[in-house]
Amino acid sequence: MAQSKLKLYNYLSKKVEEFKPVTEGKVGMYTCGPTVYDFVHIGNWRTFVFEDVLKRVLEFNGYDVTHVMNITDIDDKIIKRASDDGVDFRQITEKYEKAFRDDLGKLNIIPAGHFPKATDNITSMIQFIEVLLKKGFAYKADDGVYFSVEKFADYGKLSGLSKGNLKKGARVNDDLYDKENWSDFALWKFPPSPKASEGQAKKEPSWPAPFGEGRPGWHIECSAMSMALLGEHFDIHSGGVDLLFPHHENEIAQSEAATGKKFVNYWMEGEHLLVGGEKMAKSLNNIFTLSDLSKRGIEPLSLRYLFLTAHYRSKLNFTWESLEAAQNALSNLRGEVAGWDAPKIGCSEFEGDFKNATRDDLDMPRAIATMWEMVKSDYPGSAKRQSILVMDKVLGLGLADVKKSVLPKGAKELIDRRETLRAEGKFEESDKLRKELLEMGVEVEDTPEGPKWRLKKI
Ligand code: AMP
Ligand code: ZN
């Protein structure tokens with residue numbers, strides 16, 4: 001099996017490209033993280049799982065990945081939430097950041113090497129804005145400091161939105177802005193936030209800066225923090241597809257304007273999780289969280305399995321039925337793995353196909369199909385166990401933790417007796433033994449190769 005090259009779809013070129021790192025053997029990767037004002041919903045988790053698969057595939061291909069994910073701990077939504085609850089904004093952000101970090105583990109998402117927080121990096125953002133002011137890309141207005149999109153000749157190169165959509169002189173101060181039109185965007189905001197109540201406005205968080213006391217706009221944090229940790233030019237930047245415009249477009253503009261260099265080589269955006277055909281979003285009131293899943297007896301890894309069955313660049317419509325089917329598939333998979341002996345030489349042909357699928361712009365549906373072909377193949381259990389351990393480095397389904405099942409005492413004798421009874425055509429008696437086995441927690445399935453057993457509820 002010839003090994004194919006790692007190819008990734010780049011939203012900048014709008015093509016699938018061979019991946020070439022800036023530095024041989026290394027990857028710098030920045031993923032836009034959560035805004036910690038509430039629990040993360042499963043739509044957000046789809047993007048975070050896609051990014052985890054991306055990182056795992058890069059590592060699988062021998063790259064040493066430095067992964068940075070920011071935590072947005074100051075923005076309009078946070079200020080509004082603190083204002084509604086009448087508390088300091090840190091009480092909100094600390095609670096939800098902790099919940100986010102705990103939930104990463106439940107989905108087997110490998111934590112980023114760095115989780116910089118916006119409020120810990122205000123100084124570098126101020127310096128960044130000063131550079132933009134000095135170079136003439138930014139200007140001061142009554143309510144903040146703005147980036148002038150007209151000044152940046154390449155504006156629109158990521159999203160493809162044309163200058164025709166520029167409302168000349170229009171400015172956006174709100175973090176929830178117009179998705180269709182170009183506007184100058186806020187790099188720094190003077191209080192009060194448009195979302196704060198009167199009482200809260202007095203207590204609104206702000207930091208001193210040479211251009212006036214205030215707080216950062218949303219976009220600047222990602223440019224300042226990614227550059228601080230990964231350098232001015234690095235490999236991969238990703239997020240959900242809703243971030244393409246304006247967030248990622250604005251990141252490119254302010255970064256390249258400040259440094260005069262290309263910011264990022266590969267822009268990767270994950271498609272949305274939908275519900276009833278609409279994007280899952282808090283504002284649409286159609287979200288579910290991991291705790292909603294657990295109330296229905298669904299474990300987080302079933303959600304991860306579901307996400308793996310769709311390509312990251314395809315929309316995925318969420319239904320409880322599809323999630324239950326994913327839970328069954330994962331349980332069946334664990335049942336198979338539990339039947340296998342200790343790992344020995346793997347099934348190289350399937351491993352090769354699996355790797356090639358992941359290298360083909362992370363074609364996880366094909367990788368999952370190959371994995372199932374391997375599971376159902378005639379290879380001995382020890383070979384399958386070896387291969388599943390290799391595949392699980394990318395899948396992240398915790399399959400290394402599935403131990404070989406041991407039959408309860410006396411069950412082997414019952415299985416053998418049942419076989420003899422079946423061979424003699426005594427089906428009523430053999431059925432009784434099947435029930436007896438079930439009570440012991442052993443399920444028996446009759447296959448052309450003879451009876452196969454597994455323990456219930458693994
Ligand atoms: P936020 O906390 O709103 O900044 O979102 C965190 C991440 O989740 C971003 O990368 C978003 O693009 C992504 N995201 C938000 N909604 C969805 C959705 N319905 N499906 C997939 N990703 C989403
Ligand atoms: Zn970002």
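Rules behind the numbers
Counting starts from 1 at the beginning of each chain's written sequence and moves along it residue by residue. For this description, chains carry letters from A and ligands carry numbers from 1, given in the order in which they are written. At least 70 in pLDDT is required for a residue's local features to be given in this predicted model, at least 80 for side-chain atom pairs to be given and counted, and no such filter applies to totals for whole chains, interfaces and linings, which use all residues. Side-chain numbers come from the whole structure's heavy atoms, not from hydrogens or water. Donor selection uses N, O and S atoms within 2.8 Å of the metal (3.2 Å for Na, K and Ca). Since no water is included, sites may look incomplete. In this text, helices come from DSSP runs of H or I with a minimum length of four residues, and strands from runs of E with a minimum of two, each type numbered from the N-terminal end. Burial classification: accessible surface area is computed with a 1.4 Å probe over protein chains only, and a residue below 20% of its type maximum counts as buried, one above 50% as exposed, and the rest as partly exposed. In this text, buried Ala, Val, Leu, Ile, Met, Phe, Trp, Tyr and Cys residues form a nonpolar core when linked through side-chain atoms within 4.5 Å. The split of the chain into domains comes from an automatic or database domain assignment. Contacts are residue-level and defined by heavy atoms, with any inter-residue pair within 4.5 Å sufficient. In this analysis a 1.4 Å probe is tested at points of a 1 Å grid over the protein atoms alone, and where it fits but cannot get out there is a cavity; an open set with protein on both sides within 12 Å along at least five of seven lines is a pocket; lining residues have an atom within 4 Å of a point. Grid points are joined across faces, edges and corners, and a volume is the space filled by probe spheres set on the points. Each residue is assigned to one of three groups, with Ala, Val, Leu, Ile, Met, Phe, Trp, Tyr, Cys and Pro labelled nonpolar, Asp, Glu, Lys and Arg labelled charged, and all others, Gly among them, labelled polar. Strands pair, by our definition, only if DSSP identifies at least two bridges between them. To get an axis, a line is fitted to the C-alpha atoms, and for a helix only the part in contact is used. The angle between two axes follows their N-to-C directions and goes from 0 to 180 degrees. Stacked, edge-to-face and tilted labels apply to pairs of Phe, Tyr and Trp rings (six-membered ring for Trp) whose centres lie within 6.5 Å, assigned for plane angles under 30 degrees, over 60, and everything in between, in that order. We count a charge as sitting over a ring when the NZ of a lysine or the CZ of an arginine lies within 6 Å of the ring centre and within 35 degrees of the ring normal.

J.: Outline the coordination of the zinc ion (ligand 2), listing residues and values.
T.: By definition of the ideal shapes, four donors in a tetrahedron about a metal sit 109.5 degrees apart, and six donors in an octahedron sit 90 or 180 degrees apart. Donor atoms from the polypeptide that coordinate the zinc ion (ligand 2) comprise Cys 32 (SG), Cys 222 (SG) and His 247 (NE2), at 2.0 to 2.2 Å from the metal. One chain supplies every donor to the zinc ion (ligand 2), and in sequence these donors are spaced C-x189-C-x24-H. Placement of Cys 32 in the loop between strand E3 (26-31) and helix H1 (42-60) and of Cys 222 in helix H6 (residues 218-230) is noted, with a sequence separation of 190 residues between them. For the residue pair Cys 32 and Cys 222, the accessibility class agrees, reading buried in each case.

J.: Tell me about the nonpolar core, residues and numbers included.
T.: Across soluble globular proteins, you tend to see nonpolar side chains buried next to one another. In this structure, Trp 45, Leu 58, Phe 147, Trp 188, Ile 236 and Leu 303 are the most contacted members of the largest nonpolar core, which totals 132 residues. Examining the composition of this core, we find that ten residues originate from one element, H1, more than from any other. Taken domain by domain, this core gets at least three of its residues from each of domain 1 (22-270) and domain 2 (303-401). Apart from residues lying up to four places away in sequence, Phe 147 is in contact with Leu 132, Phe 137, Ala 138, Tyr 139, Phe 152, Asp 184, Phe 185, Leu 187, Ala 253, Gln 254 and Ala 257. Membership of the second largest hydrophobic core comes to nine residues, among which are Leu 407, Ala 411, Leu 421 and Val 444.

J.: Describe empty space enclosed by the protein, and please don't skip the residues or the numbers.
T.: Counting across every chain of the model gives four cavities of 30 Å³ or more. The wall of the largest cavity is formed by Arg 46, Val 49, Phe 50, Val 53, Phe 307, Leu 308, Ala 310, His 311, Tyr 312, Leu 362, Met 364 and Pro 365. Elements supplying a minimum of two residues to the lining of the largest cavity: H1, helix H9 (300-308) and helix H12 (364-376). Ranked by residue count, the leading element in the lining of the largest cavity is H1, at four residues. Classifying every residue of the lining of the largest cavity gives ten nonpolar, one polar and one charged. When residues of the lining of the largest cavity are sorted by domain, at least three fall in each of domain 1 (22-270) and domain 2 (303-401).

J.: So, the sheet that holds E3: which residues are in play, and what are the values?
T.: Pairing is parallel in the open sheet, where four strands are placed in the order E4-E3-E10-E11. Among the strands making up the open sheet, the edge pair consists of strand E4 (64-69) and strand E11 (264-270). When the angles between neighbouring strand axes are averaged without regard to direction, this sheet yields 20°. Across six bridges, E3 lies against E4 in parallel orientation. Directly across from Tyr 30, in E4, lies its bridge partner Val 68.

J.: Hey, could you go over the layout of surface pockets for me, with residue numbers and the actual values?
T.: Of the voids in this model, the second largest pocket is the one considered here, and its volume is about 730 Å³. Every residue lining the second largest pocket is counted, 26 residues in all, and those nearest its centre are Glu 336, Trp 340, Lys 384, Glu 445 and Lys 452. The set of elements that each furnish at least two residues to the lining of the second largest pocket consists of helix H10 (320-338), H12, helix H13 (381-395), strand E15 (442-447) and strand E16 (450-455). In terms of residues, the lining of the second largest pocket owes the most to one element, E16, which gives five residues. Among the domains, domain 2 (303-401) and domain 3 (411-455) are the pair contributing at least three residues each to the lining of the second largest pocket.

J.: Could you give an account of the packing of aromatic side chains, naming the residues involved and the relevant values?
T.: With the rule as written, the count across this model stands at 19 aromatic pairs. Judged by centre distance (5.5 Å) and plane angle (80°), the rings of Trp 188 and Phe 211 are edge-to-face. Of the two residues, Trp 188 sits in strand E8 (residues 182-189) while Phe 211 sits in the loop between helix H5 (198-203) and strand E9 (215-216), which places them 23 residues apart along the sequence. Per residue, the accessibility class of Trp 188 equals that of Phe 211, and both read buried. Ring centres 5.6 Å apart and planes at 45° place the aromatic pair Phe 288 and Phe 318 in the tilted group. Placement of the pair is Phe 288 in the loop between strand E13 (278-279) and helix H8 (290-295) and Phe 318 in strand E14 (residues 316-318), with a sequence separation of 30 residues. The rings of Phe 19, Tyr 63 and Tyr 266 are connected pair by pair, giving a single aromatic cluster. The side chain of Arg 313 reaches across the aromatic face of Tyr 9, ending 4.0 Å from its centre. Geometry around Phe 60 places Lys 355 over its ring, the cationic atom sitting 5.6 Å from the centre.

J.: Any details on the pairing of strand E1 (residues 7-10)? Residues and values, ideally.
T.: Sheet topology places E1 next to strand E2 (residues 15-18); four bridges connect them, and they run antiparallel. The partner of Tyr 9 across the bridge, within E2, is Val 16. As consecutive antiparallel partners, E1 and E2 are separated by four residues, and within that stretch Lys 14 has a phi angle of approximately 60°, a positive value.

Everything listed here is a matter of geometry and, on its own, says nothing about what the molecule does.
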